[in-house]
Amino acid sequence: MQLKTKYLGTVEVDPSDCIHFPAGLPGFGDETEFVLLDLPGNPIFQIFQSTKTTAIAFVVTNPHYFYQDYTFTLEDHIVKSLAIEHERDVVVLSIVTLKDPFEKSTLNLQAPVIINSRTKMGRQYILNDDAFPIRAPIATVATQSEKGEA
Amino acid sequence: MLVLTRKCHEGIQIGENIEIKVLAIEGEQIKIGIDAPEDVDIHRKEVYETIQKQNNEALQLSANLIHSLKNNNV
């Protein structure tokens, strides 16, 4: 199907790639279906685009690129609601709040997007503790290596 | 908003499946117990609002920034 996107023009999307968020996202309860789109030439970030509303599109990333020790336990009812059977089926993404300059961007580690890649079900999961900040600084590989060289 | 007065250990039933109970009152703090089906998300209000706000903020970004991300391994 053809999908009008916020940042990437009109793209062809396979309906089987649509991910269902029955409860929407906090603040966006009506947005119940999204697709993940690759950013041309950038393997780190993806666009998390609503299929219903063109204007609703987030930048997301695998938080482990930036925070290697980021781990948490999914509560049983989340595991059940997403019909998760194997850990390998679970995709964890962080919504990026992109800023200019880029170094000021942050990751939302407190409310990761959890997707069961097998069933294409997802939800934004709010961690009920303060271990992970909602605005974790992005520390890019580039800036880290620059610092390392200095 | 419906307003009900409850004493400690009294409860409120919402529909068939949700029960809210006042467990303890300690000074300014009130401990509330909630029994609800697992598919009902329950959050501290201020936490939920913060996540909503952050989601909204994450949406507000310029096409320029996205453009600079394309073809650029930052």
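Attention here is on the structure that accompanies the text. Remember, predicted model here, so these are calculated numbers, not experimental data. (Residues numbered from 1 in each chain as written. Chains lettered and ligands numbered in written order. Predicted model: local features only at pLDDT ≥ 70, side-chain atom pairs only at ≥ 80, totals over all residues.)

**Describing the interface of chain B and chain A**
Right, on to step 1. Taken together, the contact between chain B and chain A spans 25 residues of the former and 29 residues of the latter.
Right, on to step 2. Every element with two or more residues in the side of chain B that touches chain A is listed here: α1 (45-59) and α2 (63-69) of chain B.
Right, on to step 3. Of the residues contributing to the side of chain B that touches chain A, the split by class is 11 nonpolar, nine polar and five charged. (Contact = placed C-beta atoms within 7 Å. Helix = DSSP H or I, 4+ residues; strand = E, 2+ residues; numbered from the N terminus. Nonpolar A, V, L, I, M, F, W, Y, C, P; charged D, E, K, R; others polar.)

**Comments concerning the sheet that holds strand β1 (residues 11-14) of chain B**
Residues and elements named next belong to chain B.
Right, on to step 1. Read from one edge to the other, the open sheet built from three strands follows the order β1-β2-β3, with strand pairing classed as antiparallel. Each edge of the open sheet is held by one strand with a lone partner, namely β1 and β3 (29-35). The sheet shows a mean angle of 20° between the axes of neighbouring strands, taken without regard to direction.
Right, on to step 2. Here β1 runs beside strand β2 (residues 18-26); their pairing, made up of four bridges, is antiparallel. Looking across to β2, one finds that G11 is bridged to K21. (Pairing = 2+ DSSP bridges. Axes fitted to C-alpha atoms, helices over the stretch in contact; angles between N-to-C directions.)

**With respect to the pairing of strand β6 (residues 57-61) of chain A**
Residues and elements named next belong to chain A.
Right, on to step 1. With four of its five residues buried, β6 lies for the most part within the structure.
Right, on to step 2. Here strand β5 (residues 42-50) hands over to β6 after six residues, the two strands then running antiparallel side by side.
Right, on to step 3. For β6 and strand β7 (residues 90-97), the ladder comprises three bridges, and the chain directions are antiparallel. Bridging across to β7, V59 finds its partner in V96. (Buried ≥ 20, exposed ≤ 12 C-beta atoms within 10 Å, placed from the backbone.)

**Quick word on the pairing of strand β10 (residues 121-124) of chain A**
In the case of a regular strand, side chains alternate between the two sheet surfaces.
Residue and element names in this part refer to chain A.
Right, on to step 1. Bridge analysis of strand β9 (residues 113-116) against β10 gives four bridges, and the strand direction is antiparallel. Within β10, the residue paired with I115 across the bridge is G122.
Right, on to step 2. Taking the residues between adjacent antiparallel strands as the criterion, β9 and β10 are bridged by four residues, where K120 takes a positive phi near 60°.

**Remarks on α1(B)**
Right, on to step 1. Taking 1.5 Å of rise per residue, 15 residues should cover 21 Å, and α1(B) covers 22 Å from first to last C-alpha, within 8% of that figure.
Right, on to step 2. Buried residues of α1(B): B:I51, B:Q54, B:N55 and B:A58, and no others. The buried residues of α1(B) occupy an angular sector of 100° when the element is viewed end-on, so they sit on one face. Every exposed residue of α1(B) that faces more than 90 degrees away from the buried side is listed here: B:K45 and B:E46.
Right, on to step 3. Contacts made by the buried residues of α1(B) are with β6 and β7 of chain A. (Expected span 1.5 Å × (residues − 1). Arc of directions from axis to C-beta.)

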